[in-house]
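Descriptive structure summary
Read off the chains here:
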Amino acid sequence: MSTDLGAALDGAARRPGAPVAGWGGAVDGARRADRAEPAGAAAGAVATASDRAARIGAVTIAMAWHLAIDLPALSGAGTSPAASTVVAAAWLVTAAVGVAAGVRLLRGGLPPARRLAAVLLVVDAAVFAAVGGEQLFATANWVWGGLVWFFLLVLWRRPVQWLLALLGAHAAIALIVVVADGATAPADLARFAMYVYGTSSLPVAVFVGGGALAILARDRAGTAAATLVVEAERVAAERARTERRARLALVSGTAEEVLAELAAGDADPADPEVRRRCVLAAARLRRLIAESDDVPDPLLHELRAAADLAERDGLPIELVAVGVPPELPVEVRRRLTDPLTTALADARGSARLTVVAGPDEVVVSLVTPDHDGPDTSGPPGTTSPPDTDGDGEGPVELEHERDGEIRWTQTRWRRT
Amino acid sequence: MDADAVAQDVTGGPPIGVAIVDDHPVVIDGVRAWLAGERRLRVLATGDDPDVVLRAAPEAEVVLLDLRLHGRMVIDKLAELSAAGRRVVVYSEHTDPDTMLAALDAGAVAFLAKHEGREHCVATVLAAASDRPYVPPALAGAMVGDPRPDRPALSDKEREALLLWFQSMSKASVARRMRISEHTVKQYVDRARIKYTRAGRPAATKAALLARAIEDGLVRPEEIGIYRSQASTDRPTP
């Protein structure tokens with residue numbers, strides 16, 4: 001029996017993923033990836049919050065600029081009433097684009113970039129054409145500096161190349177008008193270059209900086225959340241280990257007692273009572289060895305509790321679990337375990353409780369020797385119709401049967 | 001009439017030689033006692049070092065190997081013996097599915113949990129000696145719960161038979177439950193096991209299991225091939 005005790009200690013100390021099987025690490029990796037999901041979600045939440053602040057900032061800058069700088073520039077713009085009308089209409093269209101894009105952004109969406117960018121380019125070309133001549137570099141030509149902030153709004157979270165392309169088009173329109181007006185003197189071209197640089201650099205910096213900040217925020221939040229997940233796992237594993245040690249102490253106590261009595265000759269191996277105690281102690285040890293999960297699983301925890309209870313009433317019970325159950329809603333777990341705990345109450349002689357779990361299926365089964373006693377779990381000698389009860393997570397089937405040799409209760413959940 | 005003559009009378013051949021490797025003398029004595037009740041088997045050598053034991057009895061047809069010798073898992077030794085064509089039945093108290101599947105991958109003919117008892121032990125050794133599969137319930141559980149993405153593709157019937165066999169440990173009950181014969185239950189279970197000969201590294205023992213399964217009509221060669229048809233695997237062979 002000393003081998004069994006040694007094995008129990010080994011089993012308690014061993015962890016799954018120990019370098020026994022080459023693919024154990026892969027399984028562990030997959031499980032860790034499952035648990036990393038909440039970390040990703042938390043990082044996403046932080047990134048969303050920081051992105052929202054950037055959106056509010058961009059919308060505020062664009063609208064404030066449009067009202068405080070572009071609007072005053074309208075007075076005296078245009079050399080003719082027709083030109084003034086065009087410039088004013090363009091201001092209104094731009095304001096409408098700004099409101100539309102701003103509402104989308106503040107609601108967490110993205111504006112239709114291509115369509116709005118096209119509208120802005122039309123506005124751009126119209127205003128340049130209307131102001132022309134001597135007002136080209138004057139404040140009256142508000143699109144020079146004012147429109148770029150709207151580029152920022154309509155291209156939010158799009159690749160930076162899109163913004164550069166739009167700014168390029170903006171500069172090209174300006175250059176065409178400058179050249180068409182005959183302002184090709186070096187001083188004019190230098191002024192043009194300065195305007196392009198002066199009006200583009202700040203929006204590009206805001207655009208790129210905003211994106212980079214969001215990425216940084218996501219990374220940092222992700223790291224923090226992953227650290228928390230690892231820590232939570234460590235604490236859970238620690239608790240599982242402590243629980244297992246406590247049970248090992250209890251189990252070895254009863255096993256040692258029987259062994260000591262046998263060794264001292266106080267207990268007779270032929271005595272049925274002594275044999276029953278040996279069977280009980282061995283069953284407990286085996287259950288302990290079979291426990292290999294490093295994080296307590298609620299389903300197995302419930303089944304173990306039921307098994308412990310039945311064992312206290314003197315029923316040797318074997319609990320074997322294969323696989324890692326997925327996270328199940330309480331209701332599904334209850335449907336899986338309740339019929340078995342009921343059946344355990346009727347069990348005589350011995351019991352074998354098994355769990356086979358995969359990501360999409362969990363099957364729990366209890367097999368006990370059949371006996372003449374009453375059967376509270378189902379009608380004797382027949383298979384009860386599968387009791388399927390659908391809910392969001394998939395139904396749980398219950399099957400119960402007696403065949404004169406064994407009583408067999410099985411619950412099965414499948415993901416639908 | 002000596003024991004060998006009796007065995008010859010029963011089986012029509014000499015008894016099957018078995019070597020037992022375990023580092024606990026009490027376990028060796030126990031297993032020896034189990035096998036002694038079976039006339040078709042004879043224990044030739046025992047010890048705690050596979051190399052020493054097999055030097056003493058090179059003619060042993062089946063090696064019963066404790067997977068943990070002197071505190072170390074001997075999966076590599078198991079792979080070496082299997083590659084050399086030794087029929088190794090692993091028996092261990094380490095019945096977690098990872099370990100069992102790793103042992104199959106390394107070329108073990110069968111895996112027996114130490115608590116599974118005499119009946120399974122004798123049946124496993126007898127099957128192993130003729131390169132036939134024997135799947136005790138614990139191994140069935142490991143196979144049906146195999147989470148590896150590259151696990152062999154089992155048919156629904158094979159999976160169900162493995163699952164119910166693992167749960168009930170009674171082929172008669174599985175047969176009643178599935179409304180098929182006990183023989184067919186065994187075929188489904190054995191066929192699932194044969195599909196595992198393709199998992200892990202190649203070994204002489206795996207090839208022997210596969211060859212015998214084809215010879216017995218348990219599987220058709222195209223069923224185990226990489227390009228097997230899923231539709232054709234569910235029909236028990238006659």
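As recorded in an unreviewed UniProt entry, chain B goes by the name Two component transcriptional regulator, LuxR family, listed as coming from Micromonospora narathiwatensis.

What follows is about the overall build of chain B. Within chain B, the secondary structure is distributed over twelve helices and seven strands. Within chain B, the proportion of its 238 residues that are buried is 50%. Sequence-distant contacts, at least 24 apart, represent 63% of the contacts inside chain B between residues at least 6 apart.

What follows concerns the overall build of chain A. Regarding its fold elements, chain A presents ten helices and five strands. When each of the 416 residues of chain A is scored for burial, the buried share is 34%. A separation of at least 24 residues holds for 72% of the contacts in chain A among residues at least 6 apart in sequence.

Moving on, we come to the sheet that holds strand β1 (residues 16–21) of chain B. Paired through their backbone hydrogen bonds, the strands of a sheet run either parallel or antiparallel. Residues and elements named next belong to chain B. Ordered by their spatial adjacency, five strands build an open sheet running β2-β1-β3-β6-β7, and the pairing between neighbours is parallel. Both outer strands of the open sheet, β2 (41–47) and β7 (110–113), are each paired with one neighbouring strand and no more. Averaged over all pairs of adjacent strands, the angle between strand axes in this sheet comes to 25°, irrespective of strand direction. As defined by bridge partners, strand β3 (residues 62–66) adjoins strand β6 (residues 87–92) across five bridges and the pair is classed as parallel. The residue of β6 that forms the bridge with Asp66 is Tyr91.

All names here are of chain A. What the five strands build is an open sheet, ordered β1-β2-β3-β5-β4; its pairing is mixed. The open sheet terminates on both sides in strands that have one partner only, identified here as β1 (317–322) and β4 (396–402). Along the sheet, successive strands turn relative to each other by an average axial angle of 10°, direction set aside. With nine bridges connecting them, strand β3 (residues 361–369) and strand β5 (residues 406–414) associate as antiparallel partners. Within β5, the residue paired with Val364 across the bridge is Thr411. Across the face of the sheet, helix α9 (residues 298–312) comes into contact with β1, β2 (351–357) and β3 while running at roughly 170° to β1. Packing of helix α10 (residues 330–346) onto the sheet brings it into contact with β2, β3, β4 and β5, and relative to β5 it is tilted by some 175°.

All names here are of chain B. Sites flagged by UniProt as "modified residue: 4-aspartylphosphate" (unreviewed entry) map to Asp66. Mapped onto the elements of the fold, Asp66 is located in strand β3. Beyond its immediate chain neighbours, meaning those up to four positions away, Asp66 contacts Val21, Asp22, Asp23, Val27, Tyr91 and Ser92.

This paragraph deals with the pairing of β2 of chain A. Walk down a regular strand and you will see the side chains alternate between the two sheet faces. All names here are of chain A. Along β2, seven of the seven residues are buried, which leaves the element largely enclosed by surrounding structure. The alternating pattern of β2 places Ala351, Leu353, Val355 and Ala357 on one face and Arg352, Thr354 and Val356 on the opposite face, and all of these are buried. Pairing geometry for β1 and β2, over six bridges, is parallel. Counted as the bridge partner of Ile317 is Ala351 from β2. Traced from β1 through α10 to β2, the parallel crossover comes out left-handed. As judged from the six bridges shared by β2 and β3, these two strands associate in the antiparallel manner.

It is worth spelling out unusual backbone geometry at this point. Residues and elements named next belong to chain B. Of note in this structure, Met169 is not a glycine but carries a positive phi near 55°. Looking at the secondary structure, you find Met169 in the loop between α8 (156–168) and α9 (171–178). What makes Met169 buried here is the crowd of 20 C-beta atoms within 10 Å.

On to the confidence of the model for chain B. All names here are of chain B. Mean pLDDT over chain B: 84, with 89% of residues reaching 70 or higher. The low-confidence segment residues 1–10, where pLDDT is below 50, has twelve contacts with residues more than four positions distant or belonging to other chains. The low-confidence segment residues 226–233 (pLDDT under 50) makes seven contacts with residues lying over four places distant or belonging to another chain.

General note: in soluble globular proteins, nonpolar side chains tend to be found buried as a group. If you look at the biggest cluster of nonpolar residues, it comprises 111 residues, and the most contacted ones within it are Val18, Leu64, Leu78, Val89, Val90, Ala103 and Ala108 of chain B. Of the residues that make up this core, three or more belong to each of domain 1 (1–296) and domain 2 (298–416) of chain A. Setting aside residues no more than four positions away along its own chain, Leu64 of chain B makes contact with Val18, Ile20, Val21, Val31, Val89, Tyr91 and Val125 of chain B. Within the second largest apolar cluster, 47 residues are counted, among which are Val127, Leu136, Trp156 and Phe207 of chain A.

In this model helix α10 (residues 182–195) of chain B runs 20 Å from its N-terminal to its C-terminal C-alpha over 14 residues, within 8% of the 20 Å that 1.5 Å per residue would give. When α10 of chain B is considered as a whole, its buried residues turn out to be Val185, Lys186, Gln187, Tyr188, Val189, Asp190, Arg191, Ala192, Arg193, Ile194 and Lys195 of chain B.

Moving on, we get to the packing of helix α5 (residues 97–105) of chain B against helix α7 (residues 137–144) of chain B. All names here are of chain B. Here α5 crosses α7 at 95°, and the two axes come no closer than 9 Å. Between α5 and α7, the crossing angle belongs to the class labelled roughly perpendicular. Here Pro97, Met100 and Leu101 of α5 lie close against α7, whose contacting residues are Ala138, Leu139, Gly141 and Ala142. Of the residues contributing to the contact of α5 with α7, the split by class is six nonpolar, one polar and no charged.

Examined against the element boundaries, Gly108 of chain A turns out to sit in the loop between α3 (81–106) and α4 (113–131). C-alpha of Gly108 of chain A to C-alpha of Arg52 of chain A: the two residues are 56 residues apart in sequence and 7.4 Å apart in space.

Take α3 of chain A next. Taking 1.5 Å as the rise per residue, α3 of chain A with 26 residues should run 38 Å; its terminal C-alpha atoms sit 37 Å apart, in good agreement. A positive phi of about 95° marks Gly108 of chain A, the residue just after α3 of chain A.

On to the environment of Arg151 of chain B, then. Residue and element names in this part refer to chain B. Mapped onto the secondary structure, Arg151 falls in the loop between α7 and α8. Judged by the 15 C-beta atoms lying within 10 Å of it, Arg151 is partly exposed. In this structure, the C-alpha to C-alpha distance between Arg151 and Lys195, residues 44 residues apart in sequence, is 9.3 Å.

Reading guide: rules and limits
Residues numbered from 1 in each chain as written. Chains lettered and ligands numbered in written order. Predicted model: local features only at pLDDT ≥ 70, side-chain atom pairs only at ≥ 80, totals over all residues. Helix = DSSP H or I, 4+ residues; strand = E, 2+ residues; numbered from the N terminus. Buried ≥ 20, exposed ≤ 12 C-beta atoms within 10 Å, placed from the backbone. Contact = placed C-beta atoms within 7 Å. Pairing = 2+ DSSP bridges. Axes fitted to C-alpha atoms, helices over the stretch in contact; angles between N-to-C directions. UniProt positions renumbered as here; feature names shortened; annotations may be inferred. Right-handed = clockwise from strand over helix to strand, strands pointing away. pLDDT = per-residue confidence, 0-100. Core = buried A, V, L, I, M, F, W, Y, C linked by C-beta atoms within 7 Å. Domains from an automatic or database assignment. Expected span 1.5 Å × (residues − 1). Parallel < 35°, antiparallel > 145°, perpendicular 65-115°, else oblique. Nonpolar A, V, L, I, M, F, W, Y, C, P; charged D, E, K, R; others polar.

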